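A structural walkthrough
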Amino acid sequence: MPAAGLAQDLSQAPLAAPAADISFLGLFLQAHFVVKLVMIGLIVSSIWVWAIIIDKWMLFSRNKREMDRFEQVFWSGQSLEDLYRTLAGRSNHGMGAIFVAAMREWKRTYEGGARSFAGLNQRLDKVMNVTIAREVERLESRLLVLATVGSAGPFIGLFGTVWGIMTSFQSIAASKNTSLAVVAPGIAEALFATAMGLIAAIPATIFYNKFISQTGRQAQRLEGFADEFSAILSRQIDERG
C-alpha cells in the first residue's frame, strides 16, 4: 500500500477515547454538580450517623454499668437515707435519678409536716413516671436522625444516579459516540451516588434498630425498679400511717 494511502486511512480512523479516571476521587470530580451535591450531602450524613452511633454506643454501655452498680448498692442493705445523702448532690441518671426524685418527694412530705399521707403514693408514682419519661427521652435523642438517613439515604443516592445517567445520555447524544469507553465513566459516576446512599443508610438502619431495642430493655428495667421502690415506700407509708 502506498505511504500516502496509509496516512489517509490513519487520519480517517477514529481517535481512541482518553482514559477516564474511575477512582473514587476521579468519579467525584468528574460528576455533574448536582450529583456532587448529593454525594457531599451523603458524606456529611454518613459522618453524622457514625458520630451518633459512637455516642449512643457509649451512652447505653455507661447507662447499663450505672444501673448494675446502683442495683448492687440499693439491694446491699444500705439505708435509704444514707444512699439518698450520697446521691442527692450528684447529677444522676437512670435508677439513681428515679430514686433521688422519689426520696426528695418523700422527704418533702414528711419534713413539711403534712397532716395526711393519703395522696403520697400517687405523687411518688407520678414523680417516678416523669423521671422515667425523661430518661427514655434522653436515650432516644437523635435516634430520629438514624431513622431518617436509613430510610431516605438510598432514595437520595438514587436521585443522584438518575440525574447522572440523564446527564450521561445527553453527553452521548451531543458527541454522537456510543462506545463503552464514552458511556462507562458517566454511568459509573451515577452508580457511585447510589453506593454512597447505601453506605450511609445501611449502618443507620442497623444501629437504629439495635438502639431502639436497647432503649426498650433499659426502660423496662427502670419501670421494674420504680415498681419495686414504690412498693417499699408504700409499706413504709402504711407503717407510719
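Just above, that's the structure.
If you're wondering where the values come from, they're calculated on a predicted model, not measured in any experiment. (Residues numbered from 1 in each chain as written. Predicted model: local features only at pLDDT ≥ 70, side-chain atom pairs only at ≥ 80, totals over all residues. Heavy atoms only, no water.)

Examining the pattern of salt bridges
Inspection of the entire model under this criterion finds nine salt bridges. Among the ionic pairs, Arg85 bridges to Asp82, the shortest N-O distance being 2.3 Å. Remark: Asp82 and Arg85 occur in helix 4 (residues 80-88); sequence separation between them is three residues, near one turn of the helix. In this structure Asp82 comes out as partly exposed when scored by relative accessible area, which is 33%. For Arg138, the salt bridge is made with Glu135, and the minimal N-O distance between the two is 2.9 Å. Of this pair, Arg138 and Glu135 both sit in helix 6 (residues 120-140), three residues apart, roughly one helical turn. Judged by its relative accessible area of 6%, Glu135 falls in the buried class. Put simply, Lys64, Asp68, Glu71 and Arg221 are held in one network by salt bridges that share partners. (Salt bridge = Lys/Arg side-chain N within 4 Å of Asp/Glu carboxyl O. Helix = DSSP H or I, 4+ residues; strand = E, 2+ residues; numbered from the N terminus. Buried < 20%, exposed > 50% of the residue type's maximum accessible area, 1.4 Å probe, protein only.)

Some points on the side chain of Ser230
Here Ser230 is to be found in helix 8 (residues 180-240). If we skip the residues at most four places from it in the chain, Ser230 touches Asp125 and Met128. (Contact = heavy atoms within 4.5 Å.)

Let's talk about the packing of aromatic side chains
For the coordinates displayed, the defined rule picks out 14 aromatic pairs. Here Phe74 and Phe225 contribute two aromatic rings whose centre-to-centre distance is 5.1 Å and whose plane-to-plane angle is 80°, an arrangement assigned as edge-to-face. Here Phe74 is found in helix 3 (residues 33-74), whereas its partner Phe225 is found in helix 8, with 151 residues between them in sequence. Classification of Phe74 as buried rests on a relative accessible area of 7%. Relative accessible area serves as the criterion here: at 2%, Phe225 is assigned to the buried category. Aromatic side chains Phe74 and Phe229 sit 5.7 Å apart centroid to centroid with 85° between the ring planes, which places their arrangement in the edge-to-face category. Of the two residues, Phe74 is situated in helix 3 and Phe229 in helix 8; the sequence distance between them amounts to 155 residues. In this pair, the class of Phe74 matches that of Phe229, namely buried. Here the aromatic residues Phe70, Phe74, Trp75, Phe99, Phe225 and Phe229 are joined through ring pairs into a cluster of three or more. (Phe/Tyr/Trp six-rings, centres within 6.5 Å; stacked < 30°, edge-to-face > 60°.)

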